[in-house]
Amino acid sequence: MAVTTMPDTVAPDERVRRQAEVVAALRALLPAHALLWRREETTPYECDGLTAYRRQPLVVALPETEAQVAALLKACHALQVPVVARGAGTGLSGGALPHALGVTLSLAKFNRIVRIDPLARTALVQCGVRNAAISEAAAAHGLYYAPDPSSQIACTIGGNVAENSGGVHCLKYGLTLHNVLKLRGFTVEGEAVEFGADALDAPGLDLLALVVGSEGMLAVITEVTVKLLPRPRTARCVMASFDDVAAAGDAVAEIIADGLIPAGLELMDGPMTAAVEAFVHAGYDLGAAAILLAESDGTPEEVDEEVERMRALLQRCGATRLEVSRDEAQRLMFWSGRKNAFPASGRISPDYMCMDSTIPRKRLAEMLRAIAQMEAKYALRCVNVFHAGDGNLHPLILFDANVAGELKRAEAFGAEILELSVALGGTVTGEHGVGVEKLNSMCVQFSAEELALMAGVKEAFDPAGTLNPGKVIPTLHRCAEYGRLHVKRGLLPFPELERF
């Protein structure tokens, strides 16, 4: 696969000198097996799930204790060496892209579930614990952790905190922010710090909400206290087929307008459904232009009533076929298809770029029609899967990076989706973060003054700017350059770009 290797703009001799300096400093703090710097050792860390952009790490450190993390941060701060924290590397926006002259701080060894408190319904876990492992450990108490991103078998809770991840059940149960009570970690100077509290609220400013979703720019998180919920007594999933994608999008808005809050409300278009069905054989309707999955959970009586209301509403909205899961096995099969949308896409295309934006639910149909027009404009296919209930879009642009120009067209295609999301009243990201992927799009959504305020928050936590630098907040110079490129490409007219 052809990829874009991010330019280091660093002379080779400077890199060698800096690497020797950093390795010498960290050797005194970490065991020999916890420090990697040879090319063959660091190559696996050159990107996250956004594989189109890669950069060779200078040094990779794998500490095993909080004391080692603190010592490493203090040493790097003294040397003014950038630090990029990394979890499982499943992120999709380049948030864990290494720095050319920095340390990639892998937290993979912080994988212990410290304590589950079934009475308080909380779990204290280290940042490297897998999302799904929390629910597995809590199952003995009849509890589970609600946020369930599609990568939950691999992604870590620390990464979920960094990106404020959601999942197919976030409509009813919220994002990571709504399910976390407290964070423990370290500042860029290596000082221990806590955000939030074990109680429902903490005194002072709500810094917990600030740190969750900050993409590793404000602190390195090592421990997380999460809320646990009782497992629903029952759950059933309604699968509805539509012969028009716009009608499926309209049905989503109607469900919410009717006062229903399903546990999950997901939409897949026909091409995505075909890709998934060939992969997992979930029983999807291959003749449908779109499939909507709507789940109800709670007591049997609550579920029966809600399912009947959804069935009647979906029929009024033009559903051509309705099927309700008959048992738990079939319900899980319906969801297994949705949760395997990304790997299924990898079977039908050499490469894909997974976008992530959010729009008002009532504009879903409009966005779907626009994406169809963009497919013709950029001569690339796009398969669509949405957290439809909260308007979080995941269009997957299919391309072949080995074909000259296709990666550039995919990038332009993605940029136009993000810009249209802003024009429709939405945002450039929902749960995948900004990273390096959406830096230009941040220039579209936010003014120079707003970006300066964000930079001020970053500076308050990290005055030297060495913690995951070059991510999330674009420089005004970058925005000015993007404004010129924007006009040249003939993308959506955004007068805001003229302010840079």
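Residues numbered from 1 in each chain as written. Predicted model: local features only at pLDDT ≥ 70, side-chain atom pairs only at ≥ 80, totals over all residues. Heavy atoms only, no water.

1. Considerations on the environment of Leu396
If you trace the backbone, Leu396 turns up in strand E21 (residues 392-399). Overall, the relative accessible area of 0% leaves Leu396 in the buried class. Apart from residues lying up to four places away in sequence, Leu396 is in contact with Met272, Phe342, Ser345, Tyr352, Met353, Cys354, Arg381, Cys382, Val383 and Val385. (Helix = DSSP H or I, 4+ residues; strand = E, 2+ residues; numbered from the N terminus. Buried < 20%, exposed > 50% of the residue type's maximum accessible area, 1.4 Å probe, protein only. Contact = heavy atoms within 4.5 Å.)

2. Things to note about a nonpolar patch on the surface
A surface patch of nonpolar side chains, about 340 Å² in accessible area, is lined by Leu205, Leu207, Leu210 and Val457. With respect to the element layout, Leu210 can be found in helix H7 (residues 207-211). (Patch = residues over 30% accessible without salt bridge, like charges linked within 9 Å, V, L, I, M, F, W, Y side chains within 5 Å. Areas by Shrake-Rupley, 256 points an atom, 1.4 Å probe, with all protein chains shown as cover. Salt bridge = Lys/Arg side-chain N within 4 Å of Asp/Glu carboxyl O.)

3. Some details on the nonpolar core
Leu183 and Leu292 are the most contacted members of the largest nonpolar core, which has 92 residues in total. Considering each element in turn, this core owes the most residues, nine residues, to helix H14 (residues 406-423). Judged by nonpolar contacts, the second largest core, of 28 residues, contains Val23, Ala70, Phe110 and Phe186. (Core = buried A, V, L, I, M, F, W, Y, C linked by side-chain atoms within 4.5 Å.)

4. Structural notes on helix H13 (residues 364-378)
For H13, built from 15 residues, the straight-helix expectation of 21 Å at 1.5 Å per residue is met to within 8% by its first-to-last C-alpha distance of 21 Å. Buried within H13 we find Leu364, Ala365, Met367, Leu368, Ala370, Ile371, Met374 and Tyr378. Check the buried side of H13 and you find it contacts helix H8 (245-257), strand E20 (381-387), E21 and H14. (Expected span 1.5 Å × (residues − 1).)

5. Quick word on empty space enclosed by the protein
Across all of its chains, the model carries one cavity of 30 Å³ or more by this definition. Mapped by element, the contributors of at least two residues to the lining of the largest cavity are helix H6 (170-173) and strand E15 (264-269). For the lining of the largest cavity, the residue count by class is four nonpolar, three polar and two charged. (1 Å grid on protein atoms, 1.4 Å probe; cavity = no way out; pocket = protein on both sides within 12 Å on 5 of 7 lines; lining within 4 Å. Points joined across faces, edges and corners; volume = space filled by probe spheres on them. Nonpolar A, V, L, I, M, F, W, Y, C, P; charged D, E, K, R; others polar.)

6. Notes on the pairing of E21
Most of E21 sits out of view: eight of its eight residues are buried. Here strand E18 (residues 351-354) pairs with E21 via four bridges, running antiparallel. Across the sheet, Cys354 pairs through a bridge with Leu396, a residue of E21. Bridge count for strand E19 (residues 357-358) against E21 is two bridges, and the pairing is antiparallel. Paired with Ser357 across the strands is Leu393, a residue of E21. As paired strands, E20 and E21 are joined by seven bridges and run antiparallel to one another. For Phe386, the partnering residue across the bridge sits in E21 and is Leu393. Counted between consecutive antiparallel strands, the loop separating E20 from E21 contains four residues, among which Gly391 sits at a positive phi close to 75°. (Pairing = 2+ DSSP bridges.)

7. Here's the deal with the state of the cysteines
Taken as a whole and assessed by the stated rule, the structure comprises one disulfide. With no disulfide of its own, Cys155 has Cys127 as its nearest cysteine by sulfur position, at a separation of 13 Å. Residue Cys155 is classed as buried on the basis of its relative accessible area, which comes to 3%. In this model Cys237 remains outside any disulfide bridge; the closest cysteine sulfur is found in Cys170, 15 Å from its own. (Disulfide = S-S within 2.5 Å.)

8. Comments concerning the sheet that holds strand E7 (residues 113-117)
In space, the five strands of this open sheet follow the order E7-E8-E12-E10-E11, with antiparallel pairing throughout. The open sheet has two edge strands with one neighbour each: E7 and strand E11 (192-196). Taking the axes of each pair of neighbouring strands and ignoring which way they run, one obtains an average angle of 15° across the sheet. As paired strands, strand E10 (residues 180-186) and strand E12 (residues 220-227) are joined by six bridges and run antiparallel to one another. Looking across to E12, one finds that Phe186 is bridged to Val220. (Axes fitted to C-alpha atoms, helices over the stretch in contact; angles between N-to-C directions.)

9. A word on the pattern of salt bridges
Applying the stated criterion to the full structure yields 27 salt bridges. A salt bridge links Lys109 to Glu64, with the shortest nitrogen-to-oxygen separation between them at 3.1 Å. Of this pair, Lys109 sits in the loop between strand E6 (103-106) and E7 while Glu64 sits in the loop between strand E4 (59-61) and helix H3 (66-79), and the two are 45 residues apart along the sequence. By relative accessible area, Glu64 is classed as partly exposed at 34%. Its salt-bridge partner being Glu416, residue Lys377 comes within 2.9 Å of it at the nearest N-O pair. Of this pair, Lys377 sits in helix H13 while Glu416 sits in helix H14, and the two are 39 residues apart along the sequence.

10. Details of a negative patch on the surface
A surface patch of negative charge is lined by Asp243, Asp244, Asp250 and Glu254. The topology assignment puts Asp243 in the loop between strand E14 (234-242) and H8. (Lys, Arg positive; Asp, Glu negative; His and termini not counted. Charge placed at Lys NZ, Arg CZ, Asp CG, Glu CD.)

11. Comments concerning the packing of aromatic side chains
This structure, assessed with the given rule, holds four aromatic pairs. For the pair Phe195 and Phe461, a centre-to-centre distance of 6.5 Å together with 40° between the ring planes defines the contact as tilted. Residue Phe195 is located in strand E11, and its partner Phe461 is located in helix H16 (residues 448-461); the two are separated by 266 residues in the primary sequence. With relative accessibility at 5%, the residue Phe195 sits in the buried group. What makes Phe461 buried here is its relative accessible area of 18%. Aromatic pair Phe342 and Tyr352: ring centres 6.5 Å apart, planes at 50°, arrangement tilted. Of this pair, Phe342 sits in helix H12 (residues 341-346) while Tyr352 is found in strand E18, placing the two residues 10 residues apart along the sequence. On the basis of relative accessible area, Phe342 is assigned to the buried category, the value being 15%. The exposure class assigned to Tyr352 is partly exposed, which follows from its relative accessible area of 28%. (Phe/Tyr/Trp six-rings, centres within 6.5 Å; stacked < 30°, edge-to-face > 60°.)

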